[in-house]
Amino acid sequence: MIILNAFFAALGQIGDPKFRSVLLRGIGLTILLLIVACAVAIWFINMLSGNEISLPFIGAVPWLNDVLNYSGILLALVLPVFLMMPVASAITSIFLEDVAQAVEDKHYSSLPRAHKIPFGEALLDGLSFTGVLIVANLLALILYAIFTPFAPFIFWGMNGFLLGREYFTLAAMRRLGRENARKLRAKHSTTIWLAGTLMAIPLSVPLVNLVIPIIGVATFTHIYHRLSGLNS
């Protein structure tokens, strides 16, 4: 009940000007970074295929240029889908303070202002989390191949664990500090994992996954306040 109430409370705030501003900035920056990443990848492939490719002991292999060109097209289609979630999550970490504050301004206005996470620390957390997401999802490709029928559940469970762990910690550390946030997270690990899985399911839907990280931070801000209330 805590999870669903928090999720619907986050959805209900989309019309809030403060919340919508962060949402639009996050989506815009995510799309921009995806375009840049795709452009760099395609440029690199085109650079490789600019000249006729020769292999040792074989000589010129003209058809490799065609393979690289088609690979560039395929990469342009696949790369945004693969990168959308980690990039959106990284951007969300940067805007965490604005999202959480918008939620608290509306729903928890009687509380004193939370400790502001320094931009450098938020950026480092975002980049670190992005790296973990990318590596974990690359390694999970092996499990997807072995347990193909269960691939969606593996994706949701793994990313739900990672998202819940990261978003709850980021939301809680604004008021508790990093160490106490980790202790509270450990105490309610099952609830946080389930909430993260709720976020991970729509992350497998292109375009929708641009919005979900922002909604996720708002949801975990609510979850933090409700869980911390249970412990007061």
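A quick note: this is a predicted structure, and the numbers were derived from the prediction, not measured. (Residues numbered from 1 in each chain as written. Predicted model: local features only at pLDDT ≥ 70, side-chain atom pairs only at ≥ 80, totals over all residues. Heavy atoms only, no water.)

## Re the overall build of the chain
The line we're drawing: Helix and strand assignments come from DSSP, with helices taken as H or I runs of at least 4 residues and strands as E runs of at least 2, each series counted from the N terminus. The cut-offs for exposure are 20% and 50% of the maximum accessible area for each residue type, with area from a 1.4 Å probe on protein chains only; residues under the lower value are buried, those over the upper are exposed, and the others partly exposed. By definition in these notes, contact holds between two residues if any of their heavy atoms fall within 4.5 Å.
Within the chain, the regular secondary structure consists of 9 helices and 2 strands. When the helices and strands of the chain are listed from N to C terminus, the series reads α-α-β-β-α-α-α-α-α-α-α. Expressed as a percentage of the 232 residues in the chain, the buried residues total 45%. Taking contacts inside the chain between residues at least 6 apart in sequence as the whole, the part at least 24 apart equals 77%.

## Observations concerning the pattern of salt bridges
Using the following cut-off: By convention in these notes, a salt bridge is any Lys or Arg side-chain nitrogen within 4 Å of a carboxyl oxygen on Asp or Glu.
Tallied over the full model, the rule gives 5 salt bridges. The salt bridge involving Arg-174 is made with Glu-104; its shortest N-O contact spans 3.1 Å. Placement of Arg-174 in helix H6 (residues 151-176) and of Glu-104 in helix H4 (residues 96-107) is noted, with a sequence separation of 70 residues between them. Residues Glu-179 and Arg-182 are paired through a salt bridge, measuring 3.9 Å at the closest nitrogen-oxygen approach. With Glu-179 and Arg-182 both in helix H7 (residues 178-187), this residue pair falls 3 residues apart, about one helical turn. Among the charged side chains, a salt-bridge network with shared partners connects Glu-97, Glu-104, Arg-174 and Arg-175.

## Regarding a nonpolar patch on the surface
Threshold: Nonpolar side chains (Val, Leu, Ile, Met, Phe, Trp, Tyr) are joined into patches within 5 Å and like charges within 9 Å, using only residues with over 30% relative accessible area and no salt bridge. Each accessible area is a Shrake-Rupley estimate made with a 1.4 Å probe; only the visible protein chains count as cover when residues are assessed.
Together, Ile-142, Leu-143, Ile-146, Phe-147, Phe-150 and Phe-153 make up an exposed nonpolar region whose accessible area comes to about 630 Å². Considering each element in turn, the nonpolar patch owes the most residues, 3 residues, to helix H5 (residues 119-146). In this structure Phe-153 comes out as exposed when scored by relative accessible area, which is 56%.

## Side note on H5
Short version of the rule: The span you would expect from a helix comes to 1.5 Å times its residue count less one. Fitting axes to the seven residues ending at a residue and to the seven starting there, one defines the bend at that residue as the angle between these axes.
Helix length check: H5 (28 residues) gives 41 Å between terminal C-alpha atoms against 40 Å at 1.5 Å per residue, within 8%. The principal kink in H5, of about 25°, is found at Ala-140. The set of residues buried in H5 consists of Ala-122, Asp-125, Gly-126, Phe-129, Thr-130, Leu-133, Ala-136, Asn-137, Ala-140 and Tyr-144.

## What to know about the nonpolar core
For the record, the criterion: Take the buried residues of types Ala, Val, Leu, Ile, Met, Phe, Trp, Tyr and Cys, join any two whose side-chain atoms come within 4.5 Å, and each joined set is a nonpolar core.
By size, the foremost hydrophobic cluster in this structure holds 46 residues, and its most contacted members are Phe-19, Val-99, Leu-163, Phe-168, Phe-220 and Ile-223. When residues of this core are assigned to their parent elements, the largest contribution, 10 residues, is made by helix H9 (residues 208-230). With residues near it in sequence (within four places) discarded, Phe-220 still touches Gly-164, Tyr-167, Phe-168, Ala-171, Ile-192, Ala-195, Gly-196 and Met-199.

## Observations regarding the side chain of Gln-101
Relative to the helices and strands, Gln-101 resides in helix H4. Residues in contact with Gln-101, not counting those within four places in the same chain, are Arg-113 and Arg-174.

## Regarding the environment of Thr-221
On the secondary structure map, Thr-221 appears in helix H9. Taking the relative accessible area as the measure of exposure, Thr-221 reaches 1% and is therefore buried. Sequence-wise, Thr-221 and Ala-172 are 49 residues apart; in three dimensions their C-alpha atoms are separated by 7.3 Å. Residues in contact with Thr-221, not counting those within four places in the same chain, are Ala-100, Val-103, Glu-104 and Ala-171.

## Re the environment of Leu-170
The residue Leu-170 is located in helix H6 in this model. Judged by its relative accessible area of 4%, Leu-170 is buried. Separated by 47 residues in the primary sequence, Leu-170 and Val-217 have C-alpha atoms spaced 8.4 Å apart.

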